[in-house]
Amino acid sequence: MCTADRKSARLGQAISEGEATAPTIGLRTMAGDDLASGDHLVDGYASIMSYRGTGSRAEEGSGIRQNPPFPKPLLARAPHLISSNSILHTEIPPMESGLVASHRLRLPALPSAAHAHLLRHRRLALAATPLRLPTTPTPLRQPAALPLRPCLKPLRAASVASPAPVPGDASDNSRKFLGVDLLTLKKIVPLGLMFFCILFNYTILRDTKDVLVVTAKGSSAEIIPFLKTWVNLPMAIGFMLLYSKLADVLSKEALFYTVIFPFIAFFGVFGYVLYPMRDAIHPTALADRLLASLGPSFLGPVAILRVWSFCLFYVMAELWGSVVISVLFWGFANQITTVEEAKEFYPLFGLGANVALIFSGRTVKYFSNMRQNLGPGVDGWAISLRGMMSIVVILGLVIASIYWGVNKFVIDKASLPTVERKKKNKPKLSMGESLKVLVSSRYVRDLATLVVAYGISINLVEVTWKSKLKAQFPSPNEYSSFMGDFSTATGIATFTMMLLGRVIFRKFGWGVAATITPAVLLATGVGFFSLLLFGEPLTPLLAKFGMTPLLAAVFVGALQNIFSKSAKYSLFDPCKEMAYIPLDEDMKVKGKAAIDVVCNPLGKSGGALIQQFMILSFGSLANSTPYLGGILLVIVLAWLGAVRSLDSQFSSLAKEDLEREQTLKAETIETTAQVVGTGNGSLNGNGASPTNGAVIKPSQEPESTASEKSGQQSQ
């Protein structure tokens with residue numbers, strides 16, 4: 001008999017005779033804890049196999065109780081313990097862990113039937129003296145890098161399975177990248193990409209719409225005032241009414257897709273179907289008959305009928321800017337972002353918009369110059385238009401895909417920021433009431449003059465400049481190429497002005513910042529109209545620089561339009577909003593409502609109405625150029641006078657407001673010092689003295705004043 005068999009026989013005999021019990025034949029761990037005998041290892045192995053669902057020879061015996069799985073430290077030490085006891089034979093390679101080795105444990109192959117009573121007696125002993133394992137076992141883990149036998153499935157404990165992260169949970173918020181919450185980045189980065197694509201498309205569409213309606217045969221820049229007043233405005237109103245109806249019956253996601261997909265489909269169809277079929281679908285003969293009967297003064301209105309598909313493209317491009325940017329994008333951004341995120345990242349969207357303007361201008365330039373590489377007889381503008389519309393369609397689908405992805409994978413509908421806001425009772429003034437408010441206050445009149453003058457002067461110069469631009473670049477490709485350079489320059493100028501705007505306000509004040517815009521418009525306007533009216537004497541001088549008076553006028557007009565667009569966001573809009581701050585609450589609300597009702601529409605449509613009157617009166621835009629120059633001069637001078645008057649009033653009101661805040665602050669500090677000196681600073685019980693009340697009241701007034709100001713600035 002071998003040594004192991006003799007030891008097993010002696011152990012079985014000791015158990016059967018009661019000289020030893022299972023708890024006294026202990027195995028010691030490294031920590032010195034008494035564990036069960038080798039039979040316990042069999043029990044543990046049976047429980048492991050039962051947990052795995054594979055069954056074993058040990059669990060078939062009724063005398064072996066299946067205990068919970070071993071703790072992980074015990075299993076890790078199992079090969080050492082088993083080898084020291086020699087009850088069970090093992091074949092454990094050195095690199096196997098305790099769990100892998102445990103499924104290889106087996107009962108000893110006894111040499112004869114005489115030894116069968118040993119296992120039976122041991123089972124009886126275990127049943128008489130049950131062994132107890134720790135009450136809180138450690139869950140089993142499968143070794144990550146060690147292979148198991150093919151017949152054994154991987155062992156996984158449900159208690160250690162980590163749940164999938166839920167979007168918007170606390171663990172996701174705690175993770176940061178570059179100092180920004182990961183959940184915030186998951187929202188802001190897609191929004192920034194959406195905004196870039198939307199403005200990239202808008203720049204392409206804005207440049208293309210002017211090329212189509214201005215350079216079309218039988219049309220000119222004179223069509224723009226009539227198109228804005230009699231086509232664009234009614235369609236914008238109708239679209240917003242339809243949008244309001246759809247918003248009542250559709251979900252937000254369905255509404256987004258319902259609005260954006262018609263735009264994408266139209267621009268794709270226009271580039272590949274409508275423009276190639278322009279000669280078949282445009283009523284050229286009918287337009288010629290109408291123009292002959294009405295006279296050349298009605299070239300603009302008749303051109304709307306002559307090139308109706310181009311006019312439809314013009315309106316859809318204008319609506320892309322107002323609907324997709326203002327309604328869809330900003331509505332979605334305000335829906336999923338918090339106030340803190342908006343304060344931090346919305347200004348970056350403005351800078352990103354100018355970056356999109358720069359790149360889209362280069363794109364327009366590239367496609368416009370494709371005509372140079374084409375052979376004779378090929379419609380280069382049709383190929384360029386098809387390429388640009390393909391980009392618009394692709395980026396439109398990217399916008400829709402980003403919107404779908406954000407809603408699907410990023411946004412948790414239950415955790416969207418919801419802020420309960422009290423509905424402000426804004427007065428809805430009628431036209432007559434608005435005029436009374438404007439007449440009654442000199443301050444509001446001056447502010448209204450700023451708004452109206454800006455809108456009229458921009459429209460007067462822009463249309464006249466585009467008419468001269470067509471004269472200089474009659475080909476659609478040449479016109480579009482110049483507009484690409486114009487868009488790039490506008491993006492660079494706006495980006496620079498947004499960075500310099502804060503410096504100008506901080507260093508020179510409101511008056512200088514408000515004066516810069518009309519002063520530059522006056523200088524460039526005088527130069528533009530002077531070159532148009534008195535350019536012939538300057539021809540020899542301009543020839544030395546390789547320019548003609550017409551080309552010089554085009555460049556000066558471009559500078560004026562570039563600066564007017566860049567100054568609107570960096571100087572004009574901040575000056576206008578800051579002017580409301582010093583007003584009292586009643587005049588602040590009523591004055592803003594009056595300007596919104598009367599002055600904004602008057603400024604936007606006033607320039608177009610003046611041009612329509614001049615064109616119909618003098619026969620053409622070229623004949624009315626001297627009068628338009630005179631009107632521009634009067635309007636800009638009135639603008640400068642209003643700025644000067646408003647600056648004096650604004651400065652005095654702002655100074656009074658500052659002195660009031662300083663007085664309240666000084667009174668608060670003085671009263672607080674008195675309370676501290678008298679020792680009467682307690683707020684407990686009924687012993688609050690009038691001094692305490694005086695402390696509380698002044699400390700609240702500056703806070704409310706500051707909150708009103710911050711709220712006004714955000715409007």
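Scroll up to find the structure this text is about.
Here is a short report on the structure shown in this document.

Rules of the game
Counting from 1, residues in each chain are numbered in the order their sequence is written. It should be noted that, the model being predicted, local features are given only for residues of pLDDT at least 70 and side-chain atom pairs only at 80 or more, the latter also being counted only at that level, while totals for whole chains, interfaces and linings use all residues. Computation of side-chain values covers all heavy atoms of the structure but excludes hydrogens and water. Counting from the N terminus, the helices are DSSP H or I runs at least four residues long and the strands are E runs at least two residues long. Relative accessibility thresholds used throughout: buried, under 20% of the residue-type maximum; exposed, over 50%; partly exposed, between the two (1.4 Å probe, protein chains only). The criterion used for residue contact is that any of the two residues' heavy atoms lie within 4.5 Å. To be clear on the numbers: accessible area is Shrake-Rupley with a 1.4 Å probe, and residue cover counts the displayed protein chains and nothing else. Axis definition: a line fitted to C-alpha atoms, over the contacting stretch in the case of helices. Angles run 0 to 180 degrees between N-to-C directions. These descriptions rest on fixed angle ranges, namely under 35 degrees for roughly parallel, over 145 for roughly antiparallel, 65 to 115 for roughly perpendicular, and the rest for oblique. If you view the pair so one helix is near and one far, a crossing is left-handed when the near helix is turned anticlockwise from the far one by less than a right angle, and right-handed when it is turned clockwise. Gly counts as polar in this scheme, as do all residues outside two lists: the nonpolar Ala, Val, Leu, Ile, Met, Phe, Trp, Tyr, Cys and Pro, and the charged Asp, Glu, Lys and Arg. We call two N or O atoms a polar contact when they sit within 3.5 Å, provided that within protein one can donate a hydrogen and the other can accept it, with sequence-adjacent residues counted only if both atoms are side-chain atoms. Residue types Ala, Val, Leu, Ile, Met, Phe, Trp, Tyr and Cys, when buried and joined through side-chain atoms within 4.5 Å, form a set referred to as a nonpolar core. In the sections that follow, a salt bridge refers to a side-chain nitrogen of Lys or Arg positioned within 4 Å of a carboxyl oxygen of Asp or Glu. To count toward a patch, a residue needs a relative accessible area above 30% and no salt bridge. Like charges then connect within 9 Å, nonpolar side chains (Val, Leu, Ile, Met, Phe, Trp, Tyr) within 5 Å.

A count of helical and extended segments in the protein chain gives 25 helices and two strands. A burial count over the protein chain gives 44% of its 715 residues as buried. Restricting to contacts in the protein chain with at least 6 residues of sequence separation, those with at least 24 account for 77%. A total of about 36800 Å² of accessible surface is found on the protein chain, and carbon and sulfur atoms cover 63% of it.

This part is about the packing of helix 14 (residues 308–336) against helix 15 (residues 339–368). Angle between the axes and distance between the axes: these two values describe a pair of packed helices. Two numbers describe how helix 14 lies on helix 15: the axes approach to 11 Å, and their chain directions differ by 150 degrees. The angle between helix 14 and helix 15 falls in the class roughly antiparallel. Crossing geometry of helix 14 relative to helix 15 is assigned as right-handed. Between helix 14 and helix 15, the residues in contact are Phe-329, Trp-330, Ala-333, Asn-334 and Ile-336 and Glu-341, Tyr-346 and Phe-349, respectively. For the contact of helix 14 with helix 15, the residue count by class is six nonpolar, one polar and one charged.

Topologically, Lys-187 is positioned in helix 8 (residues 182–215). A polar contact of 2.9 Å, which involves the side chain of Lys-187, links it to the backbone oxygen of Ile-336. At a separation of 3.1 Å, a polar atom in the side chain of Lys-187 contacts the side chain of Glu-341.

If you look at the biggest cluster of nonpolar residues, it comprises 138 residues, and the most contacted ones within it are Phe-263, Phe-267, Phe-270, Trp-320, Met-389 and Trp-465. Considering every element that reaches this core, the biggest residue donor is helix 14, with 17 residues.

Before going further, it helps to spend a moment on the packing of helix 9 (residues 223–249) against helix 10 (residues 252–274). Between helix 9 and helix 10, whose axes approach to 10 Å, the crossing angle comes to 145 degrees. Handedness of the helix 9/helix 10 crossing: right-handed. Of helix 10, the residues touching helix 9 (which contributes Phe-239, Tyr-243, Leu-246 and Ala-247) are Leu-255, Thr-258, Val-259 and Phe-263. Here the contact of helix 9 with helix 10 is composed, by residue class, of seven nonpolar, one polar and no charged.

It is worth spelling out the pattern of salt bridges at this point. Enumeration over the complete set of coordinates arrives at ten salt bridges. For the salt bridge of Lys-466 with Glu-462, the shortest nitrogen-to-oxygen distance reads 3.2 Å. Highlighted residues: Lys-466 and Glu-462, both in helix 18 (residues 442–472), separated by four residues, approximately one helical turn. Across the pair, Glu-462 and Lys-466 agree in class, each one buried. Sharing partners across several salt bridges, the network here consists of Lys-209, Asp-210, Glu-318, Glu-462 and Lys-466.

Judged by side-chain polarity, Leu-286, Leu-290, Leu-294, Phe-298, Leu-305 and Leu-616 come together as a nonpolar surface patch covering roughly 450 Å² of accessible area. By residue number, the principal contributor to the nonpolar patch is helix 12 (residues 284–294), which donates three residues. Structurally, Leu-294 can be placed in helix 12.

Looking at the element boundaries, Ala-287 is found in helix 12. Under the relative-accessibility criterion, Ala-287 is labelled buried at 0%. Residues Ala-287 and Leu-299 lie twelve residues apart in sequence; the distance between their C-alpha atoms is 9.5 Å. The residues touching Ala-287, leaving out its near neighbours within four places in the chain, are Val-302 and Arg-306.

From the geometry alone we can't say anything about function, so treat these as descriptive.
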